[in-house]
Amino acid sequence: MMKKLLAMLLVFAMMLSLAACGTGEQTPGGNGDESDSVTNAQTEAETPDPNFTLDLEEGLNYDTEITILYVNMPGRTDELECEKLGGGIISDAVYERNVAVEERLGVEIVSIEENNNDPGVVVNKVATAVKAGTDEYDIMAAACFVSVNESLGGTFADLRKTEYLDFDKPWWSQGFNDVVEYHGAQYAVSGDMVLSLYRFAFVTIFNKFLFTEANQPYLYDYVENGTWTLDQQIRLVPLFERDNGNALQDTEGDVYGLVSNDYISVDPYWSSCMVDIIKKNGDGDYEMVFDSAKLFDVCEKTMKLFYGCGNATYNVKHYGLDDEQNDIREMFANGYAAMSTVRILELEAGSIRNMEQEFGVVPMPKFDENQKEHRTLLHDQFTVMCVPTTVTGEDLDMVSAVMESLASASYRTVRPAYYETTLRTKIAQDPQSAEMFDIIIDNIYIDAGIIYTNALSSFHDKFRQIMGSGKNTVTSQYKAVTRSAERALEKMIMKLDKIIQEG
């Protein structure tokens, strides 16, 4: 049943912007110099541009339900659905967005929540439905790495063939588009419609009290003068070590220079140190560009960071479904870490926001000072949207109109509620951290070699295993893995070519 008049006054202004039709000047999807450039132009920290309007004709009224299947996991619980107002600035913005789109297009958005921590459950449900030929789902919202892998099996529709999706608009992630678009076809999309595009970015946080106590400048200074590097972090880590007297590494009472982990918290070094895996060549084909010598050098430094600083680094071992991230966060919140590597998501926790000691946020460190820019990795669990191939013809165009409307409305309301109000104002504890968030988000880099990890024999995961072993075996380990990944890439390309030909 359509939501009633409760929200009408709140969404009136949004509805006016959704109803507007205009072209505006559009930003091309390209990203300039492919070698080092960042790829998420849509996340630049700026006020939504009024010139970018929703280009849907007047009078669209579908009078039907649109079913979205999504998984309820940390970082994604409030992306797509909110049942009522009053839950907070973000959930209210999501509610108002959905009501505005429902009213604009005459649809009822029915969100089906899958309460399961396995990111593959939602994808498997859609794949099963497609094989059975049923049309119970219109849109799937799921973790990137499992979604793009499933797309290789022909489960999802080519979104480039829809009527209303405009991939050049700023509410879509240009970086994601650039990576997953393949010879004019694209089977998944991401952007301002989902907040995990921000929340799953890796950052370095630091305890300002401990830095002041150690007579050290805040990390902002190093970022600004270009010296925030792995070498700099290695130098800093031992300065903060403080043992409670038993010469053991304890989770309470000791103070560490760095609290991190050798599992997903080492993934960011692929991007932050500019070790690329797969890029597109001039013909738009995927090709391996992996440089094992560069990864070896990165490993030398990260090994020193994790294992060469005595007891000053605390390595929280992986367990559960990345639950060690909670432990890292809590140790930092309790004042036991001068620095930690976390996802932005962790900064929303009450323990961090209510810390007695102030904290700051900076990007991940660069490889060295010769590297011109910082780059940010998104954890490959960020949300993407796909449409099952059982949605066809006019129904596919209708679904594309809903997706475009949701994304456009998110760009104007949900994104500012999260990025400007929550992240840069409430979570950032000083103007410098707010500026750092801009650098972090503006420099998100998406590598096909990471988001297609399942199809590539979990290529980037091998680095986690090497870090966990404490020995730099990059050269020997990646010699065999690279050959198998190249063969896997060939098979992946063959699958994509086949889907395009059959489509």
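Residues numbered from 1 in each chain as written. Predicted model: local features only at pLDDT ≥ 70, side-chain atom pairs only at ≥ 80, totals over all residues. Heavy atoms only, no water.

Looking at this structure, I do not really get the sheet that holds strand E1 (residues 64-71). What am I missing?
Two orientations exist for strands paired in a sheet by backbone hydrogen bonds: parallel and antiparallel. Strand order in the open sheet formed by 4 strands is E2-E1-E3-E11, with mixed pairing between adjacent strands. Looking at which strands have only one partner, the edges of the open sheet turn out to be strand E2 (107-114) and strand E11 (383-386). Adjacent strand axes in the sheet meet at a mean angle of 20° when their direction is disregarded. As defined by bridge partners, E1 adjoins strand E3 (residues 139-143) across 3 bridges and the pair is classed as parallel. Residue pairing for E3: leucine 69 is matched across the bridge by methionine 140. (Pairing = 2+ DSSP bridges. Helix = DSSP H or I, 4+ residues; strand = E, 2+ residues; numbered from the N terminus. Axes fitted to C-alpha atoms, helices over the stretch in contact; angles between N-to-C directions.)

When you look at the environment of lysine 131 in this model, what are you seeing that I'm missing?
Along the chain, the position of lysine 131 falls in helix H3 (residues 120-132). Take lysine 131: its relative accessible area is 75%, and that puts it in the exposed class. (Buried < 20%, exposed > 50% of the residue type's maximum accessible area, 1.4 Å probe, protein only.)

Would you mind going over a positive patch on the surface with me for this structure?
Among the surface-exposed residues, Lys479, Arg483, Arg487, Lys491 and Lys495 lie close enough to one another that they form a single positively charged patch. With respect to the helices and strands, the residue lysine 495 is situated in helix H18 (residues 474-502). Overall, lysine 495 belongs to the partly exposed group, its relative accessible area being 45%. (Patch = residues over 30% accessible without salt bridge, like charges linked within 9 Å, V, L, I, M, F, W, Y side chains within 5 Å. Areas by Shrake-Rupley, 256 points an atom, 1.4 Å probe, with all protein chains shown as cover. Salt bridge = Lys/Arg side-chain N within 4 Å of Asp/Glu carboxyl O. Lys, Arg positive; Asp, Glu negative; His and termini not counted. Charge placed at Lys NZ, Arg CZ, Asp CG, Glu CD.)

Hey, could you run me through the packing of helix H17 (residues 461-469) against H18 in this one?
The description of two helices packed together rests on the angle between their axes and the distance between the axes. Orientation of H17 relative to H18, taken along the N-to-C sense of each, is 155°, at an axis distance of 11 Å. Our classification of the angle between H17 and H18 gives roughly antiparallel. You can see that H17 and H18 cross each other, and the crossing is right-handed. Mapping the contact onto sequence places Lys462, Phe463 and Ile466 in H17 and Val474, Gln477, Tyr478 and Val481 in H18. Classifying every residue of the contact of H17 with H18 gives 5 nonpolar, 1 polar and 1 charged. (Parallel < 35°, antiparallel > 145°, perpendicular 65-115°, else oblique. Left-handed = near helix turned anticlockwise from the far one by under 90°. Contact = heavy atoms within 4.5 Å. Nonpolar A, V, L, I, M, F, W, Y, C, P; charged D, E, K, R; others polar.)

Help me understand the packing of helix H2 (residues 89-105) against helix H14 (residues 393-427) in this model?
Where H2 contacts H14, the axes come no closer than 9 Å and their chain directions differ by 160°. Between H2 and H14, the crossing angle belongs to the class labelled roughly antiparallel. The two elements H2 and H14 meet at a crossing, and its hand is right-handed. Residue classes in the contact of H2 with H14 are distributed as 13 nonpolar, 6 polar and 2 charged.

Just to check I follow, could you spell out the sheet that holds strand E10 (residues 359-362) for this structure?
In spatial order, the strands read E8-E5-E9-E4-E10; together these 5 strands make up an open sheet with mixed pairing. The open sheet has two free edges, formed respectively by strand E8 (313-315) and E10, since each of these has just one partner strand. Neighbour-to-neighbour, the strand axes of this sheet turn through a mean angle of 20°, independent of strand direction. Sheet topology places strand E4 (residues 202-207) next to strand E9 (residues 337-343); 5 bridges connect them, and they run antiparallel. For threonine 204, the partnering residue across the bridge sits in E9 and is threonine 341. Strands E4 and E10 of the sheet are contacted by helix H15 (residues 431-442), whose axis makes an angle of about 25° with E10.

Honestly, the side chain of serine 433 in this entry has me stumped. Any pointers?
For serine 433, the location among the structural elements is in helix H15. For serine 433, a relative accessible area of 1% corresponds to the buried category. Residues in contact with serine 433, not counting those within four places in the same chain, are Tyr220, Phe359, Gly360, Val361 and Ala428.

Would you mind showing me how to read the pairing of E1 here?
Working note: regular strand, side chains alternate between the two faces of the sheet. Burial analysis of E1 places 6 of its 8 residues in the buried class, which makes it a mostly covered element. As for the winding sense of the linkage, the β-α-β connection from E1 through H2 to E2 is right-handed. (Right-handed = clockwise from strand over helix to strand, strands pointing away.)

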